[in-house]
Amino acid sequence: MRATVIGASGAMGSKIVRGLERDGFDVVAASTKTGVNAYTGEGLAAALAGADIVIDVTNSGSFGQGNALDFFRQAGRNILAAARSSGIRHYMALSAVGTDRLVENDYFRAKLVQENLIRSSGLPYTIVRSTQFFEFFSGIVNDYAVDGVLALPSLVVRPVSADEAASWIAKLASGEPHNAIVELGGPEAIDLADLARELLTATEDARPVSLAPTPLYFGVELSRDGMLPVNQMLSGKLSFHDWLSRSMAAA
């Protein structure tokens, strides 16, 4: 079975490529580094030729940086058009848990547009909404730094290992399209502030952690459980504590 990964040179794309190869797929790793540009459409037809599955893990900016809406709308249309022309049997895309609750943020509103393009395309599809990845929490936590203090919202999260998420995506690629959104998360819920304290302790970062007066997640006010999956279907097994311990030991 042949799978084309669009955005293959990114942090998640490269993990998904390795997962697919371990599972015996013939993989086309497509990205701007290999001459494939989802936004302009350059190289898409050749990258999808003969593929059974396309996995879209393209990305643009981060949480409001850059024109995410323009990117995801144009790239989504281009990839979908190429997928129709090549006869793709399963269109997969990686999205984020809570996307539909975070539309006040430009980035997540753009991701919802991407999802809607896929759902209305007529192609067999699976959209994987994942919770936050362990590997990216350092950056998330640092976004809340104010005058040497991490002022974090009172939110509960259910993060997952990026490696486990990539393995789940590869596994889903082997099955039939769900024609639905599938939620993926970690094995346990944890307060964002507690996660930050554990991360700072492990990295010997002395900055104090406090709770912000309102639970804003990248500018959007949420309920305390607003970032949790509503109907989690897939779960990683590795806890944040165990992942962090292994990461520190390997450093």
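Residues numbered from 1 in each chain as written. Predicted model: local features only at pLDDT ≥ 70, side-chain atom pairs only at ≥ 80, totals over all residues. Heavy atoms only, no water.

Caption draft 1: Main features of the packing of aromatic side chains. One pass over the structure, following the stated rule, counts 11 aromatic pairs. An angle of 40° between the planes, with centres 5.5 Å apart, marks the rings of Phe134 and Trp243 as tilted. Taken together, the residues Phe134 in the loop between β5 (125–130) and α5 (137–142) and Trp243 in helix α8 (residues 240–250) connect sequence positions 109 residues apart. Look at Tyr217 and Phe218: their rings are 4.8 Å apart centre to centre, the planes differ by 90°, and that puts the pair in the edge-to-face class. When sorted by exposure, Tyr217 lands in the same class as Phe218, which is buried. (Phe/Tyr/Trp six-rings, centres within 6.5 Å; stacked < 30°, edge-to-face > 60°. Helix = DSSP H or I, 4+ residues; strand = E, 2+ residues; numbered from the N terminus. Buried < 20%, exposed > 50% of the residue type's maximum accessible area, 1.4 Å probe, protein only.)

Caption draft 2: The arrangement of the pattern of salt bridges in detail. Applying the stated rule across the entire model yields 10 salt bridges. A salt bridge links Asp194 to Arg197, with the shortest nitrogen-to-oxygen separation between them at 3.0 Å. Remark: Arg197 and Asp194 occur in helix α7 (residues 192–202); sequence separation between them is three residues, near one turn of the helix. The class for Asp194 is partly exposed, based on a relative accessible area of 38%. The closest approach of N and O atoms between Arg207 and Asp205, which form a salt bridge, is 2.8 Å. By relative accessible area, Arg207 is classed as partly exposed at 25%. Owing to a relative accessible area of 26%, Asp205 belongs among the partly exposed residues under this scheme. One network of salt bridges, in which partners are shared, links Asp100, Arg101, Glu115 and Arg129. (Salt bridge = Lys/Arg side-chain N within 4 Å of Asp/Glu carboxyl O.)

Caption draft 3: Fine view of the sheet that holds strand β14 (residues 232–235). On the basis of which strands lie adjacent, the open sheet formed by seven strands has the order β2-β1-β3-β4-β5-β9-β14 and parallel pairing. Of all strands in the sheet, those with a lone pairing partner are β2 (26–30) and β14, marking the two edges. Each strand axis lies, on average, 25° off the axis of its neighbour in the sheet, ignoring direction. As judged from the five bridges shared by strand β1 (residues 2–6) and β2, these two strands associate in the parallel manner. From the neighbouring strand, Thr4 faces β2, where its bridge partner is Val28. Contacts from helix α1 (residues 11–22) reach β1, β2, β3 (53–56) and β4 (90–96), with the element oriented near 170° to β1. (Pairing = 2+ DSSP bridges. Axes fitted to C-alpha atoms, helices over the stretch in contact; angles between N-to-C directions. Contact = heavy atoms within 4.5 Å.)

Caption draft 4: Geometry of the packing of α7 against α8. Two elements in contact, α7 and α8, have axes whose closest approach is 11 Å; the angle formed by their N-to-C orientations is 15°. In terms of their interaxial angle, α7 and α8 are classed as roughly parallel. At the point where α7 passes α8, the crossing takes the right-handed sense. Packed against α7, whose contacting residues are Leu195, Glu198, Leu199 and Ala202, the element α8 presents Phe240, His241, Leu244 and Met248 at the interface. Residues that form the contact of α7 with α8 fall into these classes: six nonpolar, one polar and one charged. (Parallel < 35°, antiparallel > 145°, perpendicular 65-115°, else oblique. Left-handed = near helix turned anticlockwise from the far one by under 90°. Nonpolar A, V, L, I, M, F, W, Y, C, P; charged D, E, K, R; others polar.)

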